[in-house]
Structure formats: structure tokens, C-alpha cells
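# Topology and contacts: notes
Here are the chains, one letter per residue:
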Amino acid sequence: MALYSTSEMFTRRLKEARLAAGISQRELGRRIGLSEDVVSSRVTRYELGTSEPDFGTASRMAKELGVPLAYLLADTDALAEIILAVARMAPAEQRKLAHELKSERLNSASSP
């Protein structure tokens, strides 16, 4: 299993999410409001890790790609997949799962 830095995971997930959405770098740049003269090159730099987007830009990219920002920023691939799976649940299911996980964590913390 390869170990990636947070930056490398972000760039890899950004590219994977863009490809899964079926849009070009240029189109993603346009959708998030970059000026026409930098749309493709800026997204290319984000995907290569030679430039990092600010929080607002990263958030707009995630929204356009249909993934939670937390998915792009997650520390591990397992956590990223969990975030993506939970994000696809209905809000009521998310609340129920959060309650169950919290209850389980509290119960296991109090067990010897």
C-alpha cells in the first residue's frame, strides 16, 4: 500500500473525481469561475500539486464534482470512501448513523 501526503491525496482525488464526472480541466475551471485565460492551466496545476487552491476554490471544485470537500481532504483513502458513502445517504440516514457511531464509541470507551 502506497503512502501519500495529504497534498498528493488531494490532487489524486481531485483528478479522479473530475474524470468520474466526465468533465475537462477547462470545463471545471469555467464552472468554478476562473478567468478564461487560466481555466485549464490552473486546474492542471491543482491536479499536479504545483499549486494549491484556496479553501473557497477547493470548496467550489468539490461542489461542481459532486463530492464533499471532506472527501478531497481526507487523511486516508478509507476515510475518503466512508465520507463519500455517507454523503450519498439521505440526511435522516446520516443522522441515524452518526448517532449509532457516537453511541458505540461512548459504550466502548466505558467498557473495561
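Let me begin by describing the structure that accompanies this report. (Residues numbered from 1 in each chain as written. Predicted model: local features only at pLDDT ≥ 70, side-chain atom pairs only at ≥ 80, totals over all residues. Heavy atoms only, no water.)

### Notes on the overall build of the protein
A count of helices and strands for the protein gives 7 helices and 0 strands. Secondary structure elements of the protein, listed N to C terminal, follow the sequence α-α-α-α-α-α-α. Relative to the compact-globule value of 13 Å for 112 residues, the protein shows a C-alpha radius of gyration of 17 Å, a clear excess of over 25%. Across its three principal directions, the C-alpha atoms of the protein cover 60 × 30 × 20 Å. (Helix = DSSP H or I, 4+ residues; strand = E, 2+ residues; numbered from the N terminus. Rg over C-alpha atoms; globule rule 2.2 N^0.38 Å.)

### Points about the packing of helix α1 (residues 6–21) against helix α3 (residues 39–48)
Packing of α1 against α3 brings their axes to within 7 Å, and their N-to-C directions diverge by 130°. Here α1 is positioned oblique relative to α3, judged by the angle of their axes. Here α1 contributes T11, L14, K15 and R18 to the contact with α3, which in turn contributes Y46, E47 and L48. The residue inventory of the contact of α1 with α3, partitioned by class, reads 3 nonpolar, 1 polar and 3 charged. (Axes fitted to C-alpha atoms, helices over the stretch in contact; angles between N-to-C directions. Parallel < 35°, antiparallel > 145°, perpendicular 65-115°, else oblique. Contact = heavy atoms within 4.5 Å. Nonpolar A, V, L, I, M, F, W, Y, C, P; charged D, E, K, R; others polar.)

### Considering the pattern of salt bridges
Taken as a whole and judged by the stated rule, the model has 10 salt bridges. Between E64 and R31 there is a salt bridge; the shortest N-O distance is 4.0 Å. Here E64, found in helix α4 (residues 55–65), pairs with R31, found in helix α2 (residues 25–31); they are 33 residues apart in sequence, far enough to count as distant. One salt bridge connects K96 with E100, and the closest N-O pair in it is separated by 4.0 Å. Of the two residues, K96 and E100 are both situated in helix α7 (residues 91–110); the distance of 4 residues between them amounts to about one turn of the helix. Look at E100 and you get partly exposed, because its relative accessible area is 39%. Here the residues in one salt-bridge network are R26, E27, R30, R31, E36 and E64, joined through shared partners. (Salt bridge = Lys/Arg side-chain N within 4 Å of Asp/Glu carboxyl O. Buried < 20%, exposed > 50% of the residue type's maximum accessible area, 1.4 Å probe, protein only.)

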